[in-house]
Amino acid sequence: MKNIFDLHKDIVGDYKLYINSFINIADEKILATVRKDFDSGNLYPEPLVQFNPSFESGGSVEDLVNDGVLVKEFNNIFYDGENNSWSIYKHQTEAIVKGNEGKGFVVTSGTGSGKSLTYISTIFNHLFKNPNKPGIKAIIVYPLNALINSQEAALSGFEENCINRAN
């Protein structure tokens, strides 16, 4: 079994062989310059090692329902495959509380850390509390189509959960 650094070295080596097979330069000076850059290692980055932070627990969605922050309908939306309420992080709890107090908030954290849940919860809570209020309820703007598509899929999943629990 190889370690990840050896695997990286092998992949870069294979890639160098592949790229090298396309180099066909007749001029000796240009070829020497290209070979020098090619062999320097500057064209291939070193492996990037990062650690994902461990986010502090903030309880569960059900806790926010029990505390009166979120309406009871949330227990029909945010649950896992074993019918347990979603566990959430402290930064999510703090943002959801602020949003539902009518305060603004900004959440900056890594991918997959639950930023979307903070504003979606605030929007859903408003919708559940004001089911017949006319007008625009929310406008959500995303910078990338891929993010829009993933969020649309997540919203459809929430809708499905709610429908399944209602039946």
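It should be emphasised that the depicted structure is a prediction, and the values quoted were computed from it without experimental measurement.

As for the overall build of the protein
Within the protein, the regular secondary structure consists of six helices and two strands. Each helix and strand of the protein, placed in order from N terminus to C terminus, yields the pattern α-α-β-α-β-α-α-α. Scaling as 2.2 N^0.38, a compact globule of 167 residues should have a C-alpha radius of gyration of about 15 Å, whereas the protein reaches 25 Å, well beyond that. Counting only C-alpha atoms, the protein reaches 75 × 40 × 35 Å along its principal axes.

Observations regarding the pattern of salt bridges
Scanning the model with the defined rule gives three salt bridges in all. Glutamate 73 is the partner of lysine 72 in a salt bridge, and the nearest nitrogen-oxygen pair spans 3.5 Å. For lysine 72, a relative accessible area of 61% puts it in the exposed group. Between lysine 103 and glutamate 101 there is a salt bridge, with the nearest N and O atoms lying 3.3 Å from each other. Classification of glutamate 101 by relative accessible area gives partly exposed; the value is 49%.

Focus on the layout of surface pockets
Its volume calculated, the largest pocket comes out at about 450 Å³. Taken together, 24 residues line the largest pocket, and the ones lying closest to its centre are Gly114, Lys115, Ser116, Leu117 and Gln151. For the lining of the largest pocket, the secondary-structure elements that each account for two or more residues are strand E2 (87–89), helix H5 (115–129) and helix H6 (145–166). Grouping the constituent residues of the lining of the largest pocket by class yields 13 nonpolar, ten polar and one charged.

Thoughts on the nonpolar core
If you look at the biggest cluster of nonpolar residues, it comprises 15 residues, and the most contacted ones within it are Val61, Leu64, Leu70, Phe74, Phe78, Phe124 and Phe158. Looking at this core, the elements that each hand over two or more residues are helix H3 (61–66) and H5. Once you skip the residues sitting within four places of it in the chain, valine 61 turns out to touch Leu70, Phe74, Phe78, Ser85, Trp86 and Ile88.

Some points on the side chain of threonine 118
In this structure, threonine 118 sits in helix H5. Residues within four places of threonine 118 in sequence aside, it is in contact with Gln92, Ala95, Ile96, Phe105 and Val107.

Examining unusual backbone geometry
Backbone geometry at asparagine 83 places phi at a positive 65 degrees, although glycine is not the residue there. With respect to the secondary-structure elements, asparagine 83 resides in the loop between H3 and E2.

Focus on the packing of aromatic side chains
Taken as a whole and assessed by the stated rule, the structure comprises nine aromatic pairs. Members of the aromatic cluster, joined through ring pairs, are Phe74, Phe78, Trp86, Phe124, Phe128 and Phe158.

Points about the confidence of the model for the protein
Across the protein, pLDDT averages 85, with 95% of residues at or above 70. In the model of the protein, H6 stands out as the element of lowest mean pLDDT, 81, in contrast to H3, which has the highest, 95.

Quick look at helix H2 (residues 28–40)
With 13 residues, H2 ought to run about 18 Å at 1.5 Å a step, and its terminal C-alpha atoms sit 18 Å apart, in line with that. Sitting at the amino-terminal end of H2 is aspartate 27, which places a side-chain oxygen 3.0 Å from the backbone nitrogen of lysine 29.

Overview of helix H1 (residues 4–20)
Quick reminder: α-helices carry 3.6 residues per turn. Residues three or four places apart thus point the same way. The first and last C-alpha atoms of H1 sit 24 Å apart over 17 residues, in line with the 24 Å expected at 1.5 Å per residue. Of the residues that open H1, the one with a side-chain oxygen 2.8 Å from the backbone nitrogen of phenylalanine 5 is asparagine 3.

What to know about the side chain of asparagine 125
Of note, asparagine 125 is situated in helix H5. Since its relative accessible area comes to 0%, asparagine 125 is described here as buried. Among the polar contacts made by the side chain of asparagine 125, one reaches the main-chain carbonyl oxygen of valine 69 at a distance of 3.0 Å. Those residues in contact with asparagine 125 that sit more than four places away from it in its chain are Val69, Leu70, Val71, Phe74 and Asn100.

What counts, and where the lines are drawn
Residues numbered from 1 in each chain as written. Predicted model: local features only at pLDDT ≥ 70, side-chain atom pairs only at ≥ 80, totals over all residues. Heavy atoms only, no water. Helix = DSSP H or I, 4+ residues; strand = E, 2+ residues; numbered from the N terminus. Rg over C-alpha atoms; globule rule 2.2 N^0.38 Å. Salt bridge = Lys/Arg side-chain N within 4 Å of Asp/Glu carboxyl O. Buried < 20%, exposed > 50% of the residue type's maximum accessible area, 1.4 Å probe, protein only. 1 Å grid on protein atoms, 1.4 Å probe; cavity = no way out; pocket = protein on both sides within 12 Å on 5 of 7 lines; lining within 4 Å. Points joined across faces, edges and corners; volume = space filled by probe spheres on them. Nonpolar A, V, L, I, M, F, W, Y, C, P; charged D, E, K, R; others polar. Core = buried A, V, L, I, M, F, W, Y, C linked by side-chain atoms within 4.5 Å. Contact = heavy atoms within 4.5 Å. Phe/Tyr/Trp six-rings, centres within 6.5 Å; stacked < 30°, edge-to-face > 60°. pLDDT = per-residue confidence, 0-100. Expected span 1.5 Å × (residues − 1). Polar contact = N/O pair within 3.5 Å; in protein donor to acceptor, adjacent residues only side chain to side chain.

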